[in-house]
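# Observations on chain architecture
Residues per chain, in single letters:
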Amino acid sequence: SRIHARRATPSSSSARAMSSSADDAAPAPWTVKDVLEHLGAASSSARVRTSMQDIDGALAAYAKGIARVLDASTSRVPKEALEFLREGVASADASRAAEDKILALRRAMDRATDCLMNPKEPKDMYEAEVGAQARDRGETVRLMSFASAAGGDDAKRWRALNDGVMGGMSDGFFMTGERGANFVGNVSLERNGGFASVRAAVEEDGEAYDGIYVDVVAAEDNASKTWLFILKDDLCMREQMNFKTAFKAKGELGRVKLPFEAFNRPERMGRAMYREPLRTRMLREFGFMILKGDDVQVGRFALGIAEIGFYRD
């Protein structure tokens, strides 16, 4: 079946005031925020139906969500994002199986959301600073330490979460030793895999601070790898989303400062989603991840971790 739509108006949370003197006044143009809110709601609805094995319901949620956006007044929305949606509709209409239609529409929503949420400039890369001066600068509060007698208790909070949950073959572990903790394992591309991670449940309030710091050291031949630090707040735990940012470690122990403002892209399974900014007063999970990409990311890896905390410059 083909995708049809009725005339749409902006969502109630961001609808514009209409003139009460003209019943036939044209609806106010949708903004980027309107489109992101609507696509996010449609995606969440489709995800719930998919989890219930309701394929027809999931397809209807995706199709109606996209159709409503395309039928709205979108003069204030980037044309590139709308074109992604139109291409997805055309691809879905050309497909026969419901699963293929869903895949086409989901990809279209992902591409449109990415376009609307992400500037084309590359992300910032945060690098470790070595030496006592880097560690002494600004105000800090230590949250976890793995180089002391208490490190064992902090280490017990960490668990592995690897691409095996999606059928992949990568592995990652959190291990402790006399000199601290280590995130070690292997990134494999087999079975469409390509990531390893470790996570820790926390209950932290970072609102009074500028960001998170991690004291880390890359193992030999690992200094060129890119690592990700993950943050989840209470909403992330309910909606299965996360925020992450990239950093580099050196061959000697150094401190990486990751400002909260760098955690600006909410994701679900690597796909950009729309929601409010990270709630730093309600942090509920920390994580380290290594993700496929360049060839250097694949294979054995080891990242030493001595300490995690909040900082304020």
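This text goes with the structure placed above it.
From a predicted model like this one, the values you see are computed outputs, not experimental measurements. (Residues numbered from 1 in each chain as written. Predicted model: local features only at pLDDT ≥ 70, side-chain atom pairs only at ≥ 80, totals over all residues. Heavy atoms only, no water.)

## A closer look at helix α1 (residues 32-51)
- Relative to the 28 Å expected for 20 residues at 1.5 Å per residue, α1 spans 28 Å between its end C-alpha atoms, a close match to the ideal helical length.
- Looking one or two residues beyond α1, the residue adopting positive phi is Gln 53, at roughly 60°. (Helix = DSSP H or I, 4+ residues; strand = E, 2+ residues; numbered from the N terminus. Expected span 1.5 Å × (residues − 1).)

## Considerations on the nonpolar core
- Phe 229, Phe 286, Phe 288 and Ile 308 are the most contacted members of the largest nonpolar core, which totals 44 residues.
- Broken down by element, the residue count for this core peaks at five residues, all from strand β15 (residues 299-312).
- When neighbours within four sequence positions are excluded, Phe 229 is seen to be in contact with Ile 212, Val 214, Phe 243, Lys 244, Thr 245, Phe 247, Leu 258, Phe 263, Phe 286, Gly 287, Phe 288 and Ile 308.
- Residues Leu 39, Ala 46, Leu 59 and Ala 72 belong to the second largest nonpolar core, which totals 28 residues. (Core = buried A, V, L, I, M, F, W, Y, C linked by side-chain atoms within 4.5 Å. Buried < 20%, exposed > 50% of the residue type's maximum accessible area, 1.4 Å probe, protein only. Contact = heavy atoms within 4.5 Å.)

## A word on unusual backbone geometry
- Even without glycine at this site, Arg 191 takes up a positive phi of about 55°.
- By the element assignment, Arg 191 lies in the loop between β6 (180-187) and β7 (195-204).
- Within the chain, Asp 221 stands out as a residue other than glycine whose phi angle is a positive 70°.
- For Asp 221, the position within the fold is in the loop between β8 (211-218) and β9 (227-233).
- The exposed category is assigned to Asp 221, whose relative accessible area is 67%.

## Observations concerning the packing of α1 against helix α4 (residues 98-117)
- At their nearest, the axes of α1 and α4 sit 11 Å apart, and the two run at 145° to each other. For the crossing formed where α1 meets α4, the hand is left-handed. Where α1 abuts α4, its residues Val 32, Val 35, Leu 36, Leu 39, Ala 42 and Ser 43 lie against Met 109, Ala 112, Thr 113, Leu 116 and Met 117.
- Looking at the contact of α1 with α4 residue by residue, the class counts come to nine nonpolar, two polar and no charged. (Axes fitted to C-alpha atoms, helices over the stretch in contact; angles between N-to-C directions. Left-handed = near helix turned anticlockwise from the far one by under 90°. Nonpolar A, V, L, I, M, F, W, Y, C, P; charged D, E, K, R; others polar.)

## Digging into the packing of helix α2 (residues 55-71) against α4
- Contact pair α2 / α4: the axes reach a minimum separation of 9 Å and the direction vectors enclose 35°. You can see that α2 and α4 cross each other, and the crossing is left-handed. Facing Ile 55, Ala 58, Leu 59, Tyr 62, Ala 63 and Ile 66 of α2, the residues of α4 in contact are Ala 98, Glu 99, Lys 101, Ile 102, Leu 105, Arg 106, Ala 108 and Met 109.
- Class assignment for the residues of the contact of α2 with α4 results in 11 nonpolar, no polar and three charged.

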